[in-house]
Amino acid sequence: MDTLPYAHEAEVSLSPEELQVLRDSYLQEGEKPRPQTKFNYAWALVRSHSRSDQEEGIKLLHDIYRDLPSRRRECLYYIALGEYKLGNYRNARKYNETLLQLEARNSQAIALRTLIDEKVKSEGLVGMAIVGAAIAAVGVLTATLMKQRDR
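Residues numbered from 1 in each chain as written. Predicted model: local features only at pLDDT ≥ 70, side-chain atom pairs only at ≥ 80, totals over all residues. Heavy atoms only, no water.

## Details of the packing of aromatic side chains
Considering all chains together, one arrives at 5 aromatic pairs under this definition. Taking 4.7 Å as the distance between ring centres and 80° as the angle between the ring planes, the aromatic pair formed by W43 and Y78 counts as edge-to-face. Of the two residues, W43 sits in helix α2 (residues 35-47) while Y78 sits in helix α4 (residues 72-86), which places them 35 residues apart along the sequence. Residue classification places W43 among the buried residues on the basis of a relative accessible area of 12%. Taken together, F39, W43, Y77 and Y78 form an aromatic cluster joined through their ring pairs. The ring of F39 is capped by R71, whose NZ or CZ atom sits 4.8 Å from the centre of that ring. The ring of Y65 carries R72 above its face, with NZ or CZ at 5.0 Å from the centroid. (Phe/Tyr/Trp six-rings, centres within 6.5 Å; stacked < 30°, edge-to-face > 60°. Helix = DSSP H or I, 4+ residues; strand = E, 2+ residues; numbered from the N terminus. Buried < 20%, exposed > 50% of the residue type's maximum accessible area, 1.4 Å probe, protein only. Lys NZ or Arg CZ within 6 Å of the ring centre and 35° of its normal.)

What follows is the structure, given as structure tokens:
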């Protein structure tokens, strides 16, 4: 079984020069790049700080997933990582859970599941706080308007 990276590795971007080397290799191979060249470039794009690069990396990983059944396992995980980086937690969970159905003991996928769940929970709490603050503001505004009307 190949070892998958842990999620924190997706946060480590390559240098612009390193990314350019992978881009050049990918483009040099033309319309039908070798799967490993395409995969290396896709993973580099997912690791980028640029949202458009990340989206392009995910697209390339989807292409590999579709075209090469032998690479589906790793593509599921890398797509999940990319979606997690983009904040698309529902998609990240979907791809990661699909991998976990195939490999229930995959420690990287289990760790990613925990990260996704924590992020969803924390963003849910922030969302509830924002809604609560908005309701309080409306209440204060309503009370102020009612007071002014009674004068």
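## Quick word on the environment of R73
One can find R73 in helix α4. Taking the C-alpha atoms as reference points, R73 and E103, separated by 30 residues in sequence, lie 9.0 Å from one another.

## What to know about the nonpolar core
Among the nonpolar cores identified, the biggest contains 32 residues, and L61, Y77, Y78 and L112 are the most heavily contacted of them. The set of elements that each furnish at least two residues to this core consists of α1 (16-28), α2, α3 (51-67), α4, α5 (89-102) and α6 (107-150). (Core = buried A, V, L, I, M, F, W, Y, C linked by side-chain atoms within 4.5 Å.)

## Some details on the packing of α1 against α2
For the pair α1 and α2, interaxial distance at closest approach is 9 Å and the crossing angle is 145°. With respect to the hand of their crossing, α1 and α2 are arranged in left-handed fashion. Taking contact as the criterion, the partners of L19, L22, R23, S25 and Y26 in α1 are, on α2, T37, K38, N40, Y41, A44 and L45. Tallied by class, the residues present in the contact of α1 with α2 amount to 6 nonpolar, 3 polar and 2 charged. (Axes fitted to C-alpha atoms, helices over the stretch in contact; angles between N-to-C directions. Left-handed = near helix turned anticlockwise from the far one by under 90°. Contact = heavy atoms within 4.5 Å. Nonpolar A, V, L, I, M, F, W, Y, C, P; charged D, E, K, R; others polar.)

## Structural notes on the confidence of the model for the protein
Averaged over the protein, the pLDDT score is 86; the fraction of residues at 70 or greater is 81%. Element-level pLDDT for the protein is lowest in α6, with a mean of 72, against a maximum mean of 97 in α3. (pLDDT = per-residue confidence, 0-100.)

## Remarks on the environment of I110
Residue position: I110 is located in helix α6. In this structure I110 comes out as partly exposed when scored by relative accessible area, which is 35%. On a C-alpha basis, the gap between I110 and E97 in space is 9.0 Å, while along the polypeptide they are 13 residues apart.

## Here's the deal with the environment of Y65
Looking at where Y65 falls in the secondary structure, it is placed in helix α3. For the pair formed by Y65 and I79, sequence separation is 14 residues and the distance between their alpha carbons is 9.4 Å. Not counting the four nearest positions on each side in its chain, Y65 is found in contact with R72, C75 and L76.

## Examining the packing of α3 against α4
To characterise two packed helices, one gives the angle between the axes of the helices and the distance between these axes. Packing of α3 against α4 leaves a shortest axis separation of 9 Å and a crossing angle of 160°. One way to sum up the angle between α3 and α4 is to call them roughly antiparallel. The two elements α3 and α4 cross, and the hand of that crossing is left-handed. Contact residues: α3 offers R51, Q54, E55, I58, L61, H62, I64, Y65 and R66, while α4 offers R72, C75, L76, Y78, I79, G82, E83, K85 and L86. Of the residues that constitute the contact of α3 with α4, the class distribution is 9 nonpolar, 3 polar and 6 charged. (Parallel < 35°, antiparallel > 145°, perpendicular 65-115°, else oblique.)

## Some points on α4
The end-to-end C-alpha separation of α4 is 21 Å, in line with the 21 Å expected for 15 residues at 1.5 Å each. Most of α4 is tucked away, with 14 of its 15 residues classed as buried. Backbone geometry just after α4 places G87 at a positive phi near 85°. (Expected span 1.5 Å × (residues − 1).)

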